[in-house]
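Coordinate analysis (summary)
Chain by chain, the residues:
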Amino acid sequence: MDPTQNVVLEASAGTGKTRVLVDRYVNLLRAGVDPRNILAMTFTRKAAAEMRERIVRALREAAERTPEDAARWRQLRDRLNEIAISTIDAFCLTLLREFPLEADVDPAFDVADETEVPRLVEESLDQALRSCRALAREREEIALLFAQLGEARLRAGLAALLERRVVASAVLRRVTTAGPRDLTLVQACRRGRERIAGALEALPGGLDAFLGDGPVHHPRYQVLASDIRRLVRPASGEDAAAPDASALKGAIDRLRAYFFTKAGTPRKRAPNEYPAGFHADRRRARATGPSRSARRRRSTTPSCRSGAT
Ligand SMILES: Nc1ncnc2c1ncn2[C@@H]1O[C@H](COP(=O)(O)OP(=O)(O)OP(=O)(O)O)[C@@H](O)[C@H]1O
Ligand SMILES: [Mg+2]
């Protein structure tokens, strides 16, 4: 057990791992190393106490065998407290207490009680979101994140990252460098608008047939329809190239509320605020939702589809 050689020891339970550590520790003392300069760490306080006890016992037993060991035992026995086996937490705590400035922590820091941790996490999340909201006023990529995820999901995401903080920054870096580098607010709006427009234009019969099939006499639907028309066919070329972000967000929210439930699943019937009587004709009025009417439109022939022909 030459202590100048590094050893990684992996072995099953009860095969002598602690014994090897104890031997190496004792051999370091024999080589003249001061116990204050030996770091021995283990996971639990129980294991640390066991290891310390075994080291002391080994030293005492050796003292009975050779005069050198007996002399060493006499030197050490009044300062056995210097043989310190730490748990990992205790060792880290000592390090931080000794070098708070280097570690960038408050020198008067304390270790949080487990019951305090949830409250501290909530406080940090509040604080982080407050800072992010302030930043979002100046930095559009952060505003975009709020718009895309919403505050509740952003908070849940931050909480998950905090939970995995040891690995989170490396993973985040990998994900963010893999993402599109050039995604600005203008581009995100343009792409979003194009994709929605593409989907709506591709509906059987096109956009007008689709919109004409809804509760067209309802004022709220009229707002939605005009939103959608503007979204799909912007008035000016400029608007198409760079849609106004908040107007677009409003339109998308209304569109989403029409097609999807709050939980995000596709609606089986029109939202409750659109009673059937607001449809263009009575036959259509019985069709209750966007998805059902869309299905019906796909399954009928053009000649019998519209009451107007
Ligand atoms: N080379 C050895 N010769 C004789 N007995 C040994 C030897 N190595 C270990 N032992 C004995 O085997 C038992 C288990 O050893 P030890 O505690 O070092 O194992 P361990 O691998 O640390 O176990 P655990 O996985 O439970 O921590 C102890 O009673 C120890 O005295
Ligand atoms: Mg052991």
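Quick note: structure is the one above.
Quick summary incoming for the structure in this document.

Parameters at a glance
- Residues numbered from 1 in each chain as written.
- Chains lettered and ligands numbered in written order.
- Predicted model: local features only at pLDDT ≥ 70, side-chain atom pairs only at ≥ 80, totals over all residues.
- Helix = DSSP H or I, 4+ residues; strand = E, 2+ residues; numbered from the N terminus.
- Buried ≥ 20, exposed ≤ 12 C-beta atoms within 10 Å, placed from the backbone.
- Contact = placed C-beta atoms within 7 Å.
- Near = placed C-beta within 6 Å.
- Nonpolar A, V, L, I, M, F, W, Y, C, P; charged D, E, K, R; others polar.
- Axes fitted to C-alpha atoms, helices over the stretch in contact; angles between N-to-C directions.
- Parallel < 35°, antiparallel > 145°, perpendicular 65-115°, else oblique.
- Left-handed = near helix turned anticlockwise from the far one by under 90°.
- Core = buried A, V, L, I, M, F, W, Y, C linked by C-beta atoms within 7 Å.

1. As for the overall build of the protein
A count of helical and extended segments in the protein gives 15 helices and two strands. Here the protein holds 309 residues, and the buried ones make up 9% of them. Pairs at least 24 apart in sequence give 57% of the contacts found in the protein among residues at least 6 apart.

2. Comments concerning the site of ligand 1
Ala-11, Ala-13, Gly-14, Thr-15, Gly-16, Lys-17, Thr-18 and Arg-19 make up every residue found near ligand 1. Here the residues of the shell around ligand 1 are counted per class, giving two nonpolar, four polar and two charged.

3. Details of unusual backbone geometry
Keep in mind that most residues, glycine aside, have a negative phi and that most peptide bonds are trans. A positive phi angle is found at Asp-104, which is not glycine, with a value near 60°. Among the structural elements, Asp-104 can be located in the loop between helix H4 (88-98) and helix H5 (117-136).

4. Some details on the environment of Val-232
Structurally, the position occupied by Val-232 is in helix H10 (residues 219-232). Of the residues examined, Val-232 has 18 C-beta atoms within 10 Å and is grouped as partly exposed. Filtering out sequence-adjacent residues up to four positions away, Val-232 remains in contact with Ala-197, Leu-200, Glu-201 and Leu-207.

5. Remarks on the packing of H5 against helix H6 (residues 140-163)
In a packed pair of helices, the relevant descriptors are the angle between the two axes and the axis-to-axis distance. The contact between H5 and H6 brings their axes to 10 Å, and the two run at 160°. It follows that H5 is roughly antiparallel to H6 by the angle criterion. Where H5 crosses over H6, the handedness of that crossing is right-handed. Here H5 contributes Val-121, Leu-125, Ala-128, Leu-129, Cys-132, Leu-135 and Ala-136 to the contact with H6, which in turn contributes Ile-142, Ala-143, Phe-146, Glu-151, Arg-155, Leu-158, Ala-159 and Leu-162. Residues belonging to the contact of H5 with H6 are distributed by class as follows: 13 nonpolar, no polar and two charged.

6. Some remarks on the environment of Ile-38
Assignment of secondary structure puts Ile-38 in the loop between helix H1 (17-30) and strand S1 (40-42). Among the residues examined, Ile-38 registers 17 C-beta atoms within 10 Å and is labelled partly exposed. Ile-38 sits 45 residues away from Ile-83 along the chain, and the two C-alpha atoms are 8.1 Å apart. Dropping the residues within four chain positions of it, Ile-38 is found in contact with Tyr-25, Leu-28 and Val-33.

7. A few points about the nonpolar core
By size, the foremost hydrophobic cluster in this structure holds eleven residues: Cys-189, Tyr-221, Leu-224, Ala-225, Ile-228, Leu-231, Leu-248, Ala-251, Tyr-258, Ala-270 and Tyr-274. Taken together, the elements giving at least two residues each to this core come down to H10 and helix H12 (245-259). Counting residues per element, this core draws most heavily on H10, at five residues. Residues Leu-21, Val-22, Ile-55 and Leu-59 belong to the second largest nonpolar core, which totals seven residues.

8. Let's talk about the packing of helix H8 (residues 185-201) against H12
Where H8 contacts H12, the two axes come as close as 10 Å, and the packing angle between them is 35°. Remark: the crossing between H8 and H12 carries left-handed chirality. On H12, the residues that touch Leu-185, Cys-189, Gly-192 and Arg-193 of H8 are Ala-245, Leu-248 and Ile-252. Looking at the contact of H8 with H12 residue by residue, the class counts come to five nonpolar, one polar and one charged.

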